[in-house]
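Structure at a glance
Chain residues, written in single-letter form:
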Amino acid sequence: MAIKKYCIEGELYSANAIQKELKRILNDTPLEKEVQGKDLTFVLEAFKTATYYEEKTKGEAITKVIKKKVKNYSTNCFYIYREDGTSTDFSYTLIPQHN
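Conventions and cut-offs
Residues numbered from 1 in each chain as written. Predicted model: local features only at pLDDT ≥ 70, side-chain atom pairs only at ≥ 80, totals over all residues. Heavy atoms only, no water. Salt bridge = Lys/Arg side-chain N within 4 Å of Asp/Glu carboxyl O. Helix = DSSP H or I, 4+ residues; strand = E, 2+ residues; numbered from the N terminus. Buried < 20%, exposed > 50% of the residue type's maximum accessible area, 1.4 Å probe, protein only. Contact = heavy atoms within 4.5 Å. Pairing = 2+ DSSP bridges. Axes fitted to C-alpha atoms, helices over the stretch in contact; angles between N-to-C directions. Lys, Arg positive; Asp, Glu negative; His and termini not counted. Phe/Tyr/Trp six-rings, centres within 6.5 Å; stacked < 30°, edge-to-face > 60°. Lys NZ or Arg CZ within 6 Å of the ring centre and 35° of its normal.

**Thoughts on the pattern of salt bridges**
Opposite charge on two side chains permits pairing when their charged atoms draw close. All chains considered together, the criterion is met by five salt bridges. With its nearest N and O atoms 2.7 Å apart, the salt bridge here joins Asp28 to Arg24. In this pair, Asp28 and Arg24 are both assigned in helix α1 (residues 15-28), four residues apart and thus about one turn of the helix distant. Put simply, Glu45 and Lys48 hold a salt bridge, and the shortest N to O gap is 3.3 Å. According to the relative accessible area criterion, Glu45 is partly exposed, its value standing at 29%.

In structure tokens form, the structure reads like this:
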């Protein structure tokens, strides 16, 4: 069976490669700081591969992505901020996510 590839910024990535790059971005971004530049573009494009993308964005544009601590846990994750001012977290380990 062929490994599924995802196109991000014009390049093909396996699910494993996407998760590895998202982990690098999460680790390289200081806590409570925005993801910026090419890293932001990659995060946003990778996030679109998640099956829960529509549920998390609620039809709103994403205005920024910030690295934050997960409430009640000792881990970090990405938080997306929507155009309407609301926010939610997402885990890079679920991207891409298959049905």
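The structure having been displayed, the exposition proceeds.
**Looking at the environment of Lys5**
When you line up the elements, Lys5 lands in strand β1 (residues 5-8). Taking the C-alpha atoms as reference, Lys5 lies 29 Å from Val70; in sequence the two are 65 residues apart. Ignoring any residue separated from it by four or fewer positions in sequence, one finds Lys5 in contact with Leu12, Tyr13 and Ser14.

**A word on the sheet that holds strand β3 (residues 62-69)**
The sheet built from three strands is open, its strands ordered β3-β4-β5 with antiparallel pairing. Every other strand in the sheet has two partners, leaving β3 and β5 (87-90) as the edge strands with one partner each. Between one strand axis and the next, the sheet turns through 30° on average, direction left out of account. Relative to β5, strand β4 (residues 76-82) runs antiparallel, the two sharing four bridges. Residue pairing in the sheet places Tyr79 in a bridge with Asp89 of β5. Those strands touched by α1 are β3 and β4, and its axis lies near 90° from that of β4. Sheet strands touched by helix α2 (residues 37-47): β3, β4 and β5. Its angle to β3, the strand with the most contacts, is close to 95°.

**Points about the side chain of Arg82**
Along the polypeptide, Arg82 turns up in strand β4. Nearest to the buried, unbridged Arg82 among oppositely charged side chains is Asp84, at 4.8 Å.

**Observations concerning the packing of aromatic side chains**
Geometry of an aromatic ring pair is reported as the spacing of the ring centres plus the angle between the planes. What the rule picks out here adds up to five aromatic pairs. Between Phe47 and Tyr53 the ring centres are 5.1 Å apart and the planes differ by 65°, which places this aromatic pair in the edge-to-face class. Each of the two residues, Phe47 as well as Tyr53, counts as buried. Taken together, the aromatic side chains of Phe47, Tyr52, Tyr53, Phe78 and Phe90 make up a single cluster linked through ring pairs. A cation over an aromatic ring shows up here: Lys64 above the ring of Tyr81, its NZ or CZ 5.1 Å from the ring centre. Lying across the ring of Tyr79, Lys68 places its NZ or CZ 5.1 Å from the centre.

These values are about where atoms sit, not about what they do.
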